[in-house]
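# Architecture at a glance
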Amino acid sequence: MAWLRQLMVWSSLLLAGLAWLGWPQDAHAIRIKEIAAVQGVRSNQLTGFGLVVGLDGTGDQTTQMPYTSQGMSNYLQQLGLNLPADAKVQLKNVAAVLVTAQLPAFAQPGQMIDVTVSSMGNAKSLRGGTLITTPLKGADGEIYALAQGNLLVGGAGASAGGSKVQINHLSAGRIPAGAQVERSVPTAFALGDTIDLGLNSSDFLTARRVAEAVNARMGAGVASAVDGRVVRLRAPANPDARVSFLAEVEELQLEATIPAARVIINTRTGSIVMNQAVTLGSCAVAHGNLSVTISSTPVISQPNPLSKGETVVAEKADIKISQDSGAIIQMDAAPQLSDLVRMLNGLGATPQDLLAILQAIKAAGAMNAELEVI
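Named according to an unreviewed UniProt entry, the protein chain is Flagellar P-ring protein originating from Hydrogenophaga aromaticivorans. What UniProt records for the protein chain under Sequence similarities (unreviewed entry) is the sentence "Belongs to the FlgI family."

Structure below.
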């Protein structure tokens, strides 16, 4: 068995050597379908005005929301019920809502899609309500789906005697498979001799690698990179062959590229996120905290007896300014993200202070990254 152990040792050394030489590995490979999508094949937004009925007295106050009673009157007229013009309708169990949905690509009439229902008035809760038939329209004003069903509201609440307890949100809910598609959206998928793949992010190196991977698998000249975002493919004219062609293209794997160095700063929360391409040059940073403390103490002045004076209340303010000593810290060049994180932690600064420090380092030219404030 000695020869078997020796073979295993040599195999491990060979694999380690291939990894050290940069041999492509599956762990760093990504599929084309994860970084690109076929242009023109997308979902479409649908929206509509509807009414939710069956609420337990938690609907809109129609005196303040006239469109709720108007919508109910219009709905009753469609059913053959005409209300007097001077009739004042008080509907505590009805709420006006906006219904939104996403119409997937290639959706056909008869398919069911999910819808989201959101209150647009002052309804207290939509829990237990039922959405009546609501037409959903696209941006062109045409009806593409009809929604109806019972709402699922992920919350609960109760109130009595001026006290109120509420868990989660009660003015919005979902209806799984709550809309039926009535019309399909035509796409240019089967038209023309070419198909364009749109990359999720603009990158010339990724576009070139996608074109090279497709040409290596499908033949030279099949794919060409138009720019940093679009890769054009020569596709078969037969729809069945075109589907098979794209299915094979989307499963092709290519080596992942290193993204552009970027630091994302959220000034509202103090969050800082940086990718692995961020590096740091040699620089020196001095950091010290400055704090101002203001305290106010009430002072009461009492008049002498029989002086007919008045008691006077005054305030004595005490202001203190303190500043921590901050020594200049040398930060060596950091070729890796882990080194940069360790150096920033060594400053002992708060996240809010790091926002200013990173901006100063970038202004000094010691950081090769793009700062993006969100």
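Now that the structure is up, let's keep going.
Looking only at helices and strands, the protein chain has six helices and 21 strands in total. A burial count over the protein chain gives 29% of its 374 residues as buried. Across the protein chain, the fraction of contacts at a sequence separation of at least 24, relative to all contacts at a separation of at least 6, is 68%.

All chains considered together, the criterion is met by zero aromatic pairs. Positioned over the ring face of Tyr-144 is Arg-183, at 5.6 Å from the centre of the ring.

One finds Val-117, Leu-126, Leu-131 and Leu-136 to be the most contacted residues of the largest nonpolar core, which totals 25 residues. Where this core is concerned, the elements lending two or more residues are strand E3 (44-53), strand E4 (95-103), strand E5 (112-119), strand E6 (130-137), strand E7 (143-150) and strand E10 (172-181). In contact with Leu-126, other than residues within four places in its own chain, are Leu-55, Ala-95, Val-97, Val-117, Ser-119, Leu-151, Val-153, Leu-170, Ser-171 and Ala-172. Of all hydrophobic cores here, the second largest spans 22 residues; its members include Ala-36, Ala-207, Ala-223 and Leu-246.

Moving on, we come to helix H6 (residues 351-363). With 13 residues, H6 extends 19 Å between its outermost C-alpha atoms, agreeing within 8% with the 18 Å of an ideal straight helix rising 1.5 Å per residue. Within the sequence span of H6, burial applies to Leu-354, Leu-355, Ile-357, Leu-358 and Ile-361.

Relative to the assigned elements, Val-52 resides in strand E3. With a relative accessible area of 0%, Val-52 lands in the buried category. Along the primary structure Val-52 and Arg-127 are separated by 75 residues, whereas in three dimensions their C-alpha atoms are 9.9 Å apart.

Right, let's talk about the side chain of Asn-44 for a bit. Here Asn-44 lies in strand E3. Polar side-chain contacts of Asn-44 include one of 3.3 Å to the side chain of Arg-42. Leaving out residues up to four positions away in the same chain, Asn-44 has contacts with Ala-101, Gln-102, Leu-103 and Val-185.

Let's shift gears to the sheet that holds E3. Pairing in this closed barrel of six strands is antiparallel, and the strands run E3-E4-E5-E10-E7-E6 around the ring. Each adjacent strand pair in this sheet contributes to an overall mean axis angle of 30°, direction not counted. The sheet contact formed by E3 and E6 spans three bridges and is antiparallel. Its bridge partner lying in E6, Thr-47 is registered against Lys-137. This element, helix H2 (residues 66-78), spans E3, E4 and E6 of the sheet and lies at about 90° to E3.

Another aspect to go through is the confidence of the model for the protein chain. Here the protein chain averages 79 in pLDDT, while 79% of its residues score no lower than 70. For the protein chain, per-element mean pLDDT is lowest for helix H1 (residues 2-20), which scores 44, and highest for E7, which scores 95.

Within the open sheet, the three strands sit side by side as E16-E15-E21. Their pairing is mixed. Bordering the open sheet on either side are strand E16 (271-274) and strand E21 (370-373), each of which pairs with just one other strand. Averaged over all neighbouring strand pairs, the angle between strand axes comes to 20°, with direction disregarded. Here strand E15 (residues 262-266) runs beside E16; their pairing, made up of four bridges, is antiparallel. Its bridge partner being in E16, Asn-266 is matched across the sheet by Ser-271. Sheet strands in contact with H6 are E15, E16 and E21, and its direction is about 45° off that of E16.

A word on the pairing of E3. Note: E3 against E4, nine bridges, orientation antiparallel. Of the residues in E4, the one forming a bridge with Gly-48 is Val-99.

Once that is clear, we can look at the side chain of Arg-242. Here Arg-242 lies in helix H4 (residues 239-250). Beyond its immediate chain neighbours, meaning those up to four positions away, Arg-242 contacts Phe-189, Ala-190, Leu-191, Gly-192, Asp-193, Ile-195, Ala-235, Pro-236 and Ala-237.

With phi around 65°, Phe-106 is a residue other than glycine that occupies positive phi space. Within the secondary structure, Phe-106 sits in the loop between E4 and E5.

Counted by the stated rule, this structure contains 10 salt bridges. In this structure, the salt-bridge partner of Arg-31 is Glu-251, at a minimum N-O distance of 3.4 Å. Of this pair, Arg-31 sits in strand E1 (residues 29-31) while Glu-251 is found in the loop between H4 and strand E14 (253-255), placing the two residues 220 residues apart along the sequence. Relative accessible area serves as the criterion here: at 39%, Glu-251 is assigned to the partly exposed category. Between Arg-174 and Asp-114 there is a salt bridge whose closest N-O contact spans 3.4 Å. With Arg-174 in strand E10 and Asp-114 in strand E5, this pair connects stretches of sequence that are 60 residues apart. On the basis of relative accessibility, which here comes to 41%, the residue Arg-174 falls in the partly exposed class. The exposure class assigned to Asp-114 is partly exposed, which follows from its relative accessible area of 37%. Residues joined by salt bridges that share partners form a network here, namely Arg-31, Lys-33, Glu-34 and Glu-251.

What counts as what
- Residues numbered from 1 in each chain as written.
- Predicted model: local features only at pLDDT ≥ 70, side-chain atom pairs only at ≥ 80, totals over all residues.
- Heavy atoms only, no water.
- UniProt positions renumbered as here; feature names shortened; annotations may be inferred.
- Helix = DSSP H or I, 4+ residues; strand = E, 2+ residues; numbered from the N terminus.
- Buried < 20%, exposed > 50% of the residue type's maximum accessible area, 1.4 Å probe, protein only.
- Contact = heavy atoms within 4.5 Å.
- Phe/Tyr/Trp six-rings, centres within 6.5 Å; stacked < 30°, edge-to-face > 60°.
- Lys NZ or Arg CZ within 6 Å of the ring centre and 35° of its normal.
- Core = buried A, V, L, I, M, F, W, Y, C linked by side-chain atoms within 4.5 Å.
- Expected span 1.5 Å × (residues − 1).
- Polar contact = N/O pair within 3.5 Å; in protein donor to acceptor, adjacent residues only side chain to side chain.
- Pairing = 2+ DSSP bridges.
- Axes fitted to C-alpha atoms, helices over the stretch in contact; angles between N-to-C directions.
- pLDDT = per-residue confidence, 0-100.
- Salt bridge = Lys/Arg side-chain N within 4 Å of Asp/Glu carboxyl O.

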